[in-house]
Amino acid sequence: MSMIRSAIREISLNLHSKPGARFITLLMVALAFIVFDTFLIISWNLQGIMDQEENLVGMEVFLERHVSTAQGRLIGDNISIMQDVKSVYFVSSQEAEALFRAELPGRAGLLDVMGSDFTLPASLQIVFQAEAINQGRISELSRQIGAMAGVDNTVYGEDYLPGLIKTVTTIRRLVLLLGIVLVSSISLVVFYTVRLSVVRRSLTVDIMRIVGAPWWFIRIPFVVEGIFMGVTGSAGGLAMAAVISKVLSSAVTHRFMPMWWMILVILLGAVTGVVGALAGSYEKER
Amino acid sequence: MLVTMENVRLSYGRWPALDKIDVEIKQGEFLVISGPSGAGKTTLLRLIWMGDIPDSGIVEVTGFRSDRIRKRELPKLRRKIGIVFQDFRLLHSRTIFDNVALPLQVTGTGKRVIQKRVISLLARMGLSHRRNAFPHELSGGEQQRVAIARAMVAHPVILLADEPTGNLDPEVSREVVELLLEINRGGTTVVMATHDPRQVPAGKGRFLFLEKGVLRGADRWTELDEES
Ligand SMILES: Nc1ncnc2c1ncn2[C@@H]1O[C@H](COP(=O)(O)OP(=O)(O)OP(=O)(O)O)[C@@H](O)[C@H]1O
Ligand SMILES: [Mg+2]
């Protein structure tokens, strides 16, 4: 029992020693983590953008002018039961005009110039199952839908789409690769920084050894220190990244990373901290 | 026999630091190991506290054998051994009291026992008034006495002193050697490594001489006599 009490005392003595050196170490860890956090925020936002882009894999089907609202909806129903179609939304002539005015207020004058006889055609906005879609399938669907009675023509990003899917996949792979590289380099930075700060106290380890302290007793202060440095360093990095994100939020609209990512970041700090601390105290073998 | 070394060899890299070492140390002895710098004195002491394990041959210390001892048994061995170094190796951020108390704290000795033993030991060393000071506030001789107190506080069966007077002037050196002799009179086996065997008066101990990792002393000669 008093063994545990004196181990706790060792832990607290260790945490109170060399505050200057510890601060530098913490700063190093935090700075390394800011780089990582920035990457995470960027890739999280990229993720959002790419999800949105993928949802936009769709088609606009313009209906012939004589098609009534009821007929238009019927065509929509027929399309919605086709394979790989996720959703169909009917946009009436009036709605199209309202949308046009809302989305392109600068051009609203155009409609007025065209006179009251002019109406925008009613259309169907189709969204496909993103994962099932490829260029071949989309042009096949375009042909089928184009042949339906009441359909004037179909519009989809014939040039843009295949490129988009490919780009999204490439970006995903690049982000993953960069992520792996960053996680390993962050781990190494934390590992070596913490290890160094422990090795600097090898005299303490030496003395503990020769007076017959058990292994766990020698290591536990360093383990706690590793956790402390890893957690405070990564949390500090997150806090600083949050401040930077806040400052930049008016210039660049973006989201901060989700909670569970932050938890993973702190865990990464804790684990690499402990491993570094243990490696530092193992330096002396016997 | 407290310590037995049988045909021990230890190399750091290519050249053996120690070779063909046969030593036996009896309970209650005062053994002086001398020899020039690099002769292997420190290495020999390291073999006793098993900071190193021989490449060949066997070291046996108070029943622990170098070829059988497991890593987690090493602390048990070290609790039977007190070690003093030339550079004192005190913890600079802790008081004299805490430095001396360390071997007891790491084995979970009760607070009251620690208090009693450390205070009485410091008193015997003439250092009780300095117990709340820090090592850097003490003279070299005082620091070495603190180190000796730390080595003795857990009642070891053997005290290893590696060049304990190396950093001290002659007057203080004499006091330290006198202290070691007194400890030995109390029944503790003492092994002292020094490059200057004249520090210990002849007749007060057994002298071994190391040169280039090989023993040129009584033990070695006796063995050669027996062989011939
Ligand atoms: N950790 C080590 N790595 C490599 N070589 C070592 C190591 N420790 C000691 N040696 C070598 O082993 C030999 C014996 O060294 P040791 O320290 O035992 O000598 P010593 O008699 O204690 O010398 P000194 O009087 O200078 O303290 C020397 O040649 C030394 O260079
Ligand atoms: Mg030496």
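Scroll up to find the structure.
Bear in mind that the values here come from a model prediction, so they are computed numbers and not experimental data.

(A) Layout of the overall build of chain B. Looking only at helices and strands, one finds 7 helices and 10 strands in chain B. Computed over its C-alpha atoms, the radius of gyration of chain B comes to 18 Å, within 12% of the 17 Å expected for a compact globule of 228 residues. In terms of overall dimensions, chain B has C-alpha extents of about 60 × 40 × 35 Å along its principal axes. The burial tally for chain B puts 54% of its 228 residues in the buried class. In the form shown here, chain B has an accessible surface area of approximately 10600 Å², with 49% of it arising from carbon and sulfur atoms. Seen as two clouds, the 34 positive and the 28 negative side-chain charges of chain B have centres 8 Å apart.

(B) Looking closely at the site of ligand 1. Residues and elements named next belong to chain B. Every residue near ligand 1 is listed here: Tyr 12, Ala 17, Pro 36, Ser 37, Gly 38, Ala 39, Gly 40, Lys 41, Thr 42, Thr 43 and Glu 163. In the model, an oxygen atom of ligand 1 is placed 2.5 Å from a nitrogen or oxygen of the Thr 43 side chain. In the complex, the protein chains occlude 53% of the 630 Å² of accessible area that ligand 1 would expose alone. The element that contributes the greatest number of residues to the shell around ligand 1 is helix 1 (residues 41-48), accounting for 3 residues. Grouping the constituent residues of the shell around ligand 1 by class yields 4 nonpolar, 5 polar and 2 charged.

(C) Spatial organisation of the sheet that holds strand 3 (residues 123-128) of chain A. All names here are of chain A. The strand order across the open sheet formed by 4 strands is 2-3-1-4, and the pairing between neighbours is antiparallel. The sheet terminates laterally at strand 2 (85-91) and strand 4 (151-155), the two strands that pair on one side only. Ignoring which end each strand starts from, the neighbouring axes of this sheet average 20 degrees apart. As judged from the 5 bridges shared by strand 1 (residues 58-63) and strand 3, these two strands associate in the antiparallel manner. When the bridges of strand 3 are listed, Met 59 appears paired with Ile 126.

So, how was this worked out
- Residues numbered from 1 in each chain as written.
- Chains lettered and ligands numbered in written order.
- Predicted model: local features only at pLDDT ≥ 70, side-chain atom pairs only at ≥ 80, totals over all residues.
- Heavy atoms only, no water.
- Helix = DSSP H or I, 4+ residues; strand = E, 2+ residues; numbered from the N terminus.
- Rg over C-alpha atoms; globule rule 2.2 N^0.38 Å.
- Buried < 20%, exposed > 50% of the residue type's maximum accessible area, 1.4 Å probe, protein only.
- Areas by Shrake-Rupley, 256 points an atom, 1.4 Å probe, with all protein chains shown as cover.
- Lys, Arg positive; Asp, Glu negative; His and termini not counted.
- Charge placed at Lys NZ, Arg CZ, Asp CG, Glu CD.
- Near = heavy atom within 4 Å.
- Polar contact = N/O pair within 3.5 Å; in protein donor to acceptor, adjacent residues only side chain to side chain.
- Nonpolar A, V, L, I, M, F, W, Y, C, P; charged D, E, K, R; others polar.
- Pairing = 2+ DSSP bridges.
- Axes fitted to C-alpha atoms, helices over the stretch in contact; angles between N-to-C directions.

Nothing here speaks to function; it is geometry throughout.
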